[in-house]
Amino acid sequence: MPEALLVETLDKVRRHPWWRARAKLALAALHAQHIRPPARIFDVGCGWGVNLQALEASGYHATGFDISRRILELIDQPNRQLVEADITKPLPGGVAPCDGLFALDVIEHLDDDQAAVRQFARLVRFGGFVIVSVPALPELFSEYDRIQGHRRRYLPETLRAAFAGTGLTVRSIFWWGAWMVPILRRTRRSAGGTGGTRSKTYAEYLRLPPWPLPCLMTLAYKSEHGRALRGRMRTGTSLFAIAVRQD
C-alpha cells in the first residue's frame, strides 16, 4: 500500500470496527493452535499497528515488520519491537525464528504471493504457525482494491495455491465477513464494477457511518466470530489460512 495512504488513514483505521474485529479473529485463530503468551509473534506488514496492539495487550512478545519507515516511526513506542523490511527482498540477518506469524491482508499487494509465503516459512520455527488473511471473491474487485494496490482477490483454491511448495502446510482455510457480501455487491454495481470511474479516496472509503451503525457493525462481526473459526461460513469478504511449518 502507498506510504501516503498509511499515514493519512492511521487514526481512522485505529477506530474502525473492521480492523479491530480482524485482530480479534487472528488472535483467536492463534490461540486455537495452542500458541499462547508469551510466545514470540511476528506481524508482517504491521502497518497501523492494530494487530501489534492486540498481541501486546494479550501478553505476546510481538515484533512488527513493515516496508514503510514513516509508519514505523508513527507507531513506535517504548519497548515495542519494529523492523523495517521488504518481504520481497532478502530479510535482515540475525532474526531468530518466531512461534507464530501474522500476515493480514499483505500478499494480495504482491505480484508473487507464493514467494512471500516462502519468506514467511523462513521466519517461523519448525512447528510454528502462519496466519494469513486476504480479500476474497474476485467478483468484488473494484476501485477500492486498486487504490490500496491490490493485485487480486482470492477464492479458497487460489489462497491454498499460494502455499504450494513453500514449506508450509495448510491446516485450514475459512471465510469471514459474510454479512458484508450483499452490501459490497450492491455498492460495486452502483459504482459500475471494476470499470467504475468514481474518484473516492481511500480515506473516504473508511469513513464510518453515524452512530449507532458502528456499534451494529461491531455486533455483526462478533456474531460471525465463532462460526468463522469453526469453518461454518460459505462466503465472506475475507479468507483466512492457517498453516504450519513441518519440513
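It should be noted that the structure appears before, not after, this text.
The rules behind these values
Residues numbered from 1 in each chain as written. Predicted model: local features only at pLDDT ≥ 70, side-chain atom pairs only at ≥ 80, totals over all residues. Heavy atoms only, no water. Helix = DSSP H or I, 4+ residues; strand = E, 2+ residues; numbered from the N terminus. Polar contact = N/O pair within 3.5 Å; in protein donor to acceptor, adjacent residues only side chain to side chain. Contact = heavy atoms within 4.5 Å. Patch = residues over 30% accessible without salt bridge, like charges linked within 9 Å, V, L, I, M, F, W, Y side chains within 5 Å. Areas by Shrake-Rupley, 256 points an atom, 1.4 Å probe, with all protein chains shown as cover. Salt bridge = Lys/Arg side-chain N within 4 Å of Asp/Glu carboxyl O. Lys, Arg positive; Asp, Glu negative; His and termini not counted. Charge placed at Lys NZ, Arg CZ, Asp CG, Glu CD. Buried < 20%, exposed > 50% of the residue type's maximum accessible area, 1.4 Å probe, protein only. Axes fitted to C-alpha atoms, helices over the stretch in contact; angles between N-to-C directions. Parallel < 35°, antiparallel > 145°, perpendicular 65-115°, else oblique. Left-handed = near helix turned anticlockwise from the far one by under 90°. Nonpolar A, V, L, I, M, F, W, Y, C, P; charged D, E, K, R; others polar. Expected span 1.5 Å × (residues − 1).

**Q** Even after reading the chapter, I still don't get the side chain of Arg152, so can you show me in this structure?
**A** Within the element layout of this structure, Arg152 appears in the loop between helix 7 (143-148) and helix 8 (156-161). In terms of polar contacts, Arg152 uses its side chain to reach the backbone carbonyl oxygen of Asp111, at 3.2 Å. Each residue touching Arg152, except ones within four places of it in the same chain, is listed here: Ile107, Glu108, Leu110, Asp111, Asp113, Pro135 and Phe141.

**Q** What am I meant to see in a positive patch on the surface here?
**A** Where like charges cluster on the molecular surface, the positive patch consists of Lys12, Arg15, Arg20, Lys24, Arg207 and Lys222. Looking at the positive patch, the elements that each hand over two or more residues are helix 2 (10-15) and helix 3 (17-32). Position of Arg207 among the secondary structure elements: in the loop between helix 10 (202-205) and helix 11 (213-229). On the basis of relative accessible area, Arg207 is assigned to the exposed category, the value being 59%.

**Q** Whenever I open this one, the environment of Glu8 confuses me. Can you help?
**A** Position of Glu8 relative to the elements: it lies in helix 1 (residues 3-8). A residue is classified by how much of its surface remains accessible, and Glu8, at 47% relative accessible area, is partly exposed.

**Q** What's the story with a nonpolar patch on the surface in this structure? I'm lost.
**A** On the surface, a nonpolar cluster with roughly 280 Å² of combined accessible area is contributed by Leu213, Leu216 and Leu219. Checked against the element boundaries, Leu213 lands in helix 11. Judged by relative accessible area, which is 40%, Leu213 ranks as partly exposed.

**Q** I would appreciate a short explanation of the packing of helix 3 against helix 11 in the present structure.
**A** Packed helix pairs are specified by the crossing angle of their axes together with the interaxial distance, meaning the distance between the axes. The N-to-C vectors of helix 3 and helix 11 enclose an angle of 20 degrees; their axes lie 10 Å apart at closest approach. Classified by the interaxial angle, the pair formed by helix 3 and helix 11 is roughly parallel. Helix-helix and strand crossings are classified by hand; for helix 3 and helix 11 the assignment is right-handed. Contacts between helix 3 and helix 11 involve Pro17, Trp18, Ala21, Lys24, Leu25, Ala28 and Ala29 from the first element and Pro214, Met217, Thr218, Tyr221, His225, Ala228 and Leu229 from the second. Of the residues contributing to the contact of helix 3 with helix 11, the split by class is eleven nonpolar, two polar and one charged.

**Q** What's the story with unusual backbone geometry in this structure? I'm lost.
**A** Working note: non-glycine residues mostly have negative phi, and peptide bonds are mostly trans. That bond from Pro37 to Pro38 is cis: its omega, 5 degrees, falls within 30 degrees of zero. Within the secondary structure layout, Pro38 lies in the loop between helix 3 and strand 1 (40-44). In this structure, Asp105 is a non-glycine residue whose phi angle is positive, near 55 degrees. Positionally, Asp105 belongs in the loop between strand 4 (98-104) and helix 6 (113-123). By relative accessible area, which is 17% here, Asp105 ends up buried. Phi angles above zero are rare outside glycine, and Leu137 is one such case at about 70 degrees.

**Q** I tried to follow helix 3 on my own but got confused; where do I start?
**A** One turn of the α-helix equals 3.6 residues, which is why residues spaced by three or four share an orientation. Compared with an ideal rise of 1.5 Å per residue, which puts 16 residues at 22 Å, helix 3 spans 22 Å between its outermost C-alpha atoms and is within 8% of the ideal. When you tally the buried positions in helix 3, you get twelve out of 16 residues, the bulk of the element. Among the residues of helix 3, Pro17, Trp18, Trp19, Ala21, Arg22, Ala23, Leu25, Ala26, Leu27, Ala28, Ala29 and Leu30 are the ones counted as buried.

**Q** Would you mind showing me how to read the pattern of salt bridges here?
**A** Side chains that carry opposite charge are capable of pairing whenever their charged atoms lie near each other. Taken as a whole, this structure holds ten salt bridges when the rule is applied. Residue Arg151 is joined to Asp111 by a salt bridge in which the shortest nitrogen-to-oxygen separation is 2.9 Å. Taken together, the positions of Arg151 in the loop between helix 7 and helix 8 and Asp111 in the loop between strand 4 and helix 6 put the pair 40 residues apart, joining distant regions of the chain. Taking relative accessible area as the criterion, Asp111 reaches 64% and is therefore assigned exposed.

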